[in-house]
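Here is how the chains run, residue by residue.
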Amino acid sequence: MDRNEILTRYNSILDNVRKIKQKYNIDYDINIVAVSKYSSIETIKEFLSLDLDLPLAESKAQSLRDRAAEISNIKNNVKWHFIGRIQSNKVKYIVRYADLIQSVDSIEIAECVNKEAVKNNKIQDILLQFNISDEEQKGGFSINNYIDVYNTITQFSNISIKGLMGIGRDTEDLSIIENEFETLNKIYKDINSKYNNPLSILSMGMSSDYELAIKHGSNMLRIGSSFLGYS
Ligand SMILES: *Cc1c(COP(=O)(O)O)cnc(C)c1O
């Protein structure tokens, strides 16, 4: 995909987000993450030539490592997020390259991330991923004991919890998706009210459901197919 097409897509997303914010009377910023997992490295380079200053996101540790390493040779200060399932033996690549790990989904993985962050002398920013759709195949903490999860992971020396992430169910039934997003929004607000506002990121919404996510409080959208697409 060339830079003109990418820019056209970006402007159309921005325009939609602007309209949605108006519709729901939202005045805070909503950040967009460009999910590059379906895109070629050429498309990523075209995207970076636009200097839009958006983070990129990958869902496989090796892709993050390979792409972040290659891009670092041609451009500084590119921010990478990790959004995929985390395997403990690949945590080293993720901690090395990710500015934000959005998909920390178990205490064990948080421990591994912390250990690796200590080794790298880094404070690793993370989001806690919750399994809001309660589907087996999806990662995420159960929503039932979020206070315990939060309390345990805040104690890790080299992890900083910036917010929460959730993936809406893949269904035509919008009310189900809305319920899931609202559940995560409530958890986000509850943690912020109990602990003096430690969280600033509520990451919900992808290409097909970002309007509903914004409606229910999201301030970070992870957009793949309708932005950098499949080429
Ligand atoms: C792939 C992916 C996205 C982007 O999905 P699109 O529907 O292509 O926008 C967002 N979040 C996560 C966790 C993903 O794995």
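Presented here is a report on the structure given in the accompanying data block. (Residues numbered from 1 in each chain as written. Predicted model: local features only at pLDDT ≥ 70, side-chain atom pairs only at ≥ 80, totals over all residues. Heavy atoms only, no water.)

## Digging into unusual backbone geometry
Then comes step 1: We note that Asp 51 has phi near 55°; this positive angle belongs to a residue other than glycine.
Then comes step 2: Within the secondary structure, Asp 51 is located in the loop between α2 (41-49) and β2 (56-58).
Then comes step 3: Relative accessible area serves as the criterion here: at 55%, Asp 51 is assigned to the exposed category.
Then comes step 4: Backbone geometry at Asn 121 places phi at a positive 55°, although glycine is not the residue there.
Then comes step 5: With respect to the helices and strands, the residue Asn 121 is situated in the loop between α5 (107-119) and β5 (124-130).
Then comes step 6: When its relative accessible area of 71% is taken as the criterion, Asn 121 is described as exposed. (Helix = DSSP H or I, 4+ residues; strand = E, 2+ residues; numbered from the N terminus. Buried < 20%, exposed > 50% of the residue type's maximum accessible area, 1.4 Å probe, protein only.)

## Observations concerning the packing of α2 against helix α3 (residues 61-72)
In helix packing, the relevant descriptors are the interaxial angle and the interaxial distance, both defined with respect to the helix axes.
Then comes step 1: The N-to-C vectors of α2 and α3 enclose an angle of 45°; their axes lie 12 Å apart at closest approach. The orientation of α2 relative to α3 falls into the category oblique. Once α2 is placed against α3, the crossing between them reads as right-handed. Contact with α2, carried on its side by Ile 41, Ile 44, Lys 45 and Leu 48, involves Arg 67, Glu 70 and Ile 71 of α3 and no other residues of that element.
Then comes step 2: Of the residues assigned to the contact of α2 with α3, the class counts are four nonpolar, no polar and three charged. (Axes fitted to C-alpha atoms, helices over the stretch in contact; angles between N-to-C directions. Parallel < 35°, antiparallel > 145°, perpendicular 65-115°, else oblique. Left-handed = near helix turned anticlockwise from the far one by under 90°. Contact = heavy atoms within 4.5 Å. Nonpolar A, V, L, I, M, F, W, Y, C, P; charged D, E, K, R; others polar.)

## Brief notes about the nonpolar core
Then comes step 1: If you look at the biggest cluster of nonpolar residues, it comprises 66 residues, and the most contacted ones within it are Phe 47, Ile 101, Leu 128, Ile 153, Leu 164 and Phe 227.
Then comes step 2: Considering each element in turn, this core owes the most residues, six residues, to helix α7 (residues 174-194).
Then comes step 3: Leaving out residues up to four positions away in the same chain, Leu 164 has contacts with Leu 127, Leu 128, Phe 130, Leu 184, Ile 187, Tyr 188, Ile 191, Leu 199, Ile 201, Leu 202 and Ser 203.
Then comes step 4: Ranked by size, the runner-up nonpolar core spans nine residues in total, among them Val 35, Leu 100, Leu 127 and Met 220. (Core = buried A, V, L, I, M, F, W, Y, C linked by side-chain atoms within 4.5 Å.)

## Topic: the pattern of salt bridges
Pairing is possible between side chains that carry opposite charge, provided their charged atoms lie close to one another.
Then comes step 1: Per the counting criterion, the structure on display carries 15 salt bridges.
Then comes step 2: Of the charged contacts, one joins Asp 105 and Arg 85 as a salt bridge, the two residues approaching to 3.2 Å between their closest N and O atoms. Residue Asp 105 is located in the loop between β4 (100-104) and α5, and its partner Arg 85 is located in the loop between β3 (80-82) and α4 (91-97); the two are separated by 20 residues in the primary sequence.
Then comes step 3: Take Arg 85: its relative accessible area is 53%, and that puts it in the exposed class. (Salt bridge = Lys/Arg side-chain N within 4 Å of Asp/Glu carboxyl O.)

## Let's talk about the pairing of strand β6 (residues 159-166)
The side chains of a regular strand alternate between the sheet's two faces.
Then comes step 1: Across the eight residues of β6, seven count as buried, placing the element largely inside the fold.
Then comes step 2: Of the pairings in the sheet, the one linking β5 to β6 comprises seven bridges and is parallel in character. Residue pairing across strands places Asp 125 opposite Ser 160, the latter belonging to β6.
Then comes step 3: Viewed along the sheet, the connection from β5 through helix α6 (residues 146-154) into β6 turns out right-handed.
Then comes step 4: As defined by bridge partners, β6 adjoins strand β7 (residues 201-203) across three bridges and the pair is classed as parallel. Bridging across to β7, Gly 163 finds its partner in Ile 201.
Then comes step 5: You can see the chain leave β6, run along α7 and come back into β7, and the turn it takes is right-handed. (Pairing = 2+ DSSP bridges. Right-handed = clockwise from strand over helix to strand, strands pointing away.)

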